Amino acid sequence: QVQLVESGGGLVQPGGSLRLSCAASGSIFSIHFMGWYRQAPGKQRELVAVINSGGSTTYADSVKGRFTISRDNAKNTVYLQMNSLKPEDTAVYYCYANTPAGFWGQGTQVTVSS
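The structure displayed is predicted, hence computed values, not measured ones.

(A) Quick peek at the overall build of the chain. The helix and strand tally for the chain stands at zero helices and eleven strands. Put simply, the chain runs from its N terminus to its C terminus through helices and strands in the order β-β-β-β-β-β-β-β-β-β-β. By the compact-globule yardstick of 13 Å for 114 residues, the chain fits well, its C-alpha radius of gyration being 13 Å. Per-residue burial for the chain yields a buried fraction of 42% across its 114 residues.

Below is the structure:
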């Protein structure tokens, strides 16, 4: 079992920045990759960014050049730095860990609005 706790969401103006954190605990040695997904109202959950145990990253086209995923292995934490935020980035952001069984965090709300 893996437990994931997210933090860092909130309200930000367009063009602003936020950093999300996801702290993992439990059977963290079994994690193959971790990532962030998001779900906007009335839409399906979609991949935002993932990072594997070797540090390779993958991003959705919609966030490339604006978002950066990183990990601190000593703290068992994954981060999502979000810059140049747009209203369409508004969603609940979920942390995900693959062992390969899938584990989800509880989600954190990100709202981009003036």
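(B) Broad picture of unusual backbone geometry. Residue Pro 100 is bonded to the preceding Thr 99 through a cis peptide linkage, with omega at 15 degrees. A positive phi angle is found at Asn 76, which is not glycine, with a value near 50 degrees. Note on placement: Asn 76 falls in the loop between strand E7 (67–72) and strand E8 (77–82). For Asn 76, a relative accessible area of 30% corresponds to the partly exposed category. We note that Ser 84 has phi near 50 degrees; this positive angle belongs to a residue other than glycine.

(C) Region of interest: the sheet that holds E7. Read from one edge to the other, the open sheet built from four strands follows the order E1-E3-E8-E7, with strand pairing classed as antiparallel. Of all strands in the sheet, those bounded by a partner on one side alone are strand E1 (2–7) and E7. On average, each strand axis in the sheet is inclined to that of its neighbour by 20 degrees, with strand direction left out of account. Relative to E8, E7 runs antiparallel, the two being bridged by six bridges. Residue pairing for E8: Thr 68 is matched across the bridge by Gln 81.

What counts as what
- Residues numbered from 1 in each chain as written.
- Predicted model: local features only at pLDDT ≥ 70, side-chain atom pairs only at ≥ 80, totals over all residues.
- Heavy atoms only, no water.
- Helix = DSSP H or I, 4+ residues; strand = E, 2+ residues; numbered from the N terminus.
- Rg over C-alpha atoms; globule rule 2.2 N^0.38 Å.
- Buried < 20%, exposed > 50% of the residue type's maximum accessible area, 1.4 Å probe, protein only.
- Pairing = 2+ DSSP bridges.
- Axes fitted to C-alpha atoms, helices over the stretch in contact; angles between N-to-C directions.

None of this, on its own, says anything about what the molecule does.
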